[in-house]
Amino acid sequence: MSEHLALMVNGSQEEIEIDAERMLLHVLRDKLGLTGSKIGCAEGQCGVCTVLVDQQPVRSCITPVREVADQPIVTIEGLARNGQLHPLQQAFLDQDALQCGYCTPGMIMAAVGLLRQHPAPTTEQIVEYMQGNLCRCGTYPRIVRAIQQAAAELAHSGGQA
Ligand code: FES
Ligand code: FES
């Protein structure tokens, strides 16, 4: 049954009529046209659907939209600031940390969560935190380098992920 929900997505309030048991990923993609978050396993196992809810990475494929109403949601489309790519987005480009790119939005959103928790992560911390995000193209070494680059950039600029 449809009900009225207010979602705060990428800084904009969205009023929708929706079955509140639907998963956030499908609402983002099908209702709001935000297709940057990808569909993979749909079981919380691969990470391609990762978005931030109240600043924490969550698997949007297994998150009923009812649970996130009135909480700030950020998708890959909302990460750039003032027309500038987020340092993680820039670092993924600089380090060529993608091949097909399907995993990349989820990787970047998870990495935002990592750098908020560990602003200067060790390689081991990066590997451990990111292990739930899968890349079928095997670009893991470049992803680690991209995260290290972004951490260094944020430390240099005094910014926060
Ligand atoms: S599609 Fe959400 S974790 Fe795989
Ligand atoms: S770049 Fe292809 S799945 Fe990661």
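No experiment lies behind these values; they were computed from the predicted model shown. (Residues numbered from 1 in each chain as written. Chains lettered and ligands numbered in written order. Predicted model: local features only at pLDDT ≥ 70, side-chain atom pairs only at ≥ 80, totals over all residues.)

*Asks:* Just to check I follow, could you spell out the pairing of strand 2 (residues 12-19) for this structure?
*Replies:* If a strand is regular, its side chains alternate between the two faces of the sheet. Taking burial as the measure, the eight residues of strand 2 include zero buried ones, a minor fraction of the element. Both strand 1 (residues 2-9) and strand 2 contribute to a ladder of eight bridges, which runs antiparallel. Bridge pairing in strand 2 links Val9 to Ser12. Here strand 1 folds back onto strand 2, and the loop between the two strands holds two residues, one of which, Asn10, carries a positive phi near 50 degrees. (Buried ≥ 20, exposed ≤ 12 C-beta atoms within 10 Å, placed from the backbone. Helix = DSSP H or I, 4+ residues; strand = E, 2+ residues; numbered from the N terminus. Pairing = 2+ DSSP bridges.)

*Asks:* Before we go on, may I ask you to explain unusual backbone geometry in this structure?
*Replies:* With glycine set apart, most residues show a phi of negative sign, and most peptide bonds adopt trans. A positive phi angle, near 60 degrees, is found at Ala42, a position not held by glycine. Checked against the element boundaries, Ala42 lands in the loop between helix 1 (24-31) and strand 3 (50-53). By C-beta crowding, Ala42 is classed as partly exposed, having 15 other C-beta atoms within 10 Å.

*Asks:* Could you clarify how one ought to interpret the sheet that holds strand 5 (residues 72-74) in this entry?
*Replies:* Across the sheet, five strands lie side by side as 2-1-5-3-4; this open sheet has mixed pairing. A single partner strand is all that each edge strand has here, and the edge strands are strand 2 and strand 4 (56-59). Neighbour to neighbour, the strand axes of the sheet diverge by 45 degrees on average, direction disregarded. Where strand 1 meets strand 5, two bridges bridge the pair, whose relative direction is parallel. When the sheet's bridge partners are listed, Met8 is paired in strand 5 with Pro72. Across the face of the sheet, helix 3 (residues 104-117) comes into contact with strand 3 and strand 4 while running at roughly 35 degrees to strand 3. (Axes fitted to C-alpha atoms, helices over the stretch in contact; angles between N-to-C directions. Contact = placed C-beta atoms within 7 Å.)

*Asks:* Is there a simple way to explain the domain arrangement of the protein chain in this structure?
*Replies:* When the parts of a complex come together, some accessible area is lost, and that lost area is often used as the size of the interface. When the domains of the protein chain are assigned, the result is domain 1 (2-76) and domain 2 (87-157). Placing the centre of domain 1 and that of domain 2 at their C-alpha centroids yields a distance of 22 Å. Contact residues are listed per partner, giving 14 residues for domain 1 and 13 residues for domain 2. Broken down by secondary-structure element, the contributors of at least two residues to the side of domain 1 that touches domain 2 are strand 3 and strand 4. Residues of the side of domain 1 that touches domain 2, tallied by class, amount to seven nonpolar, six polar and one charged. (Domains from an automatic or database assignment. Nonpolar A, V, L, I, M, F, W, Y, C, P; charged D, E, K, R; others polar.)

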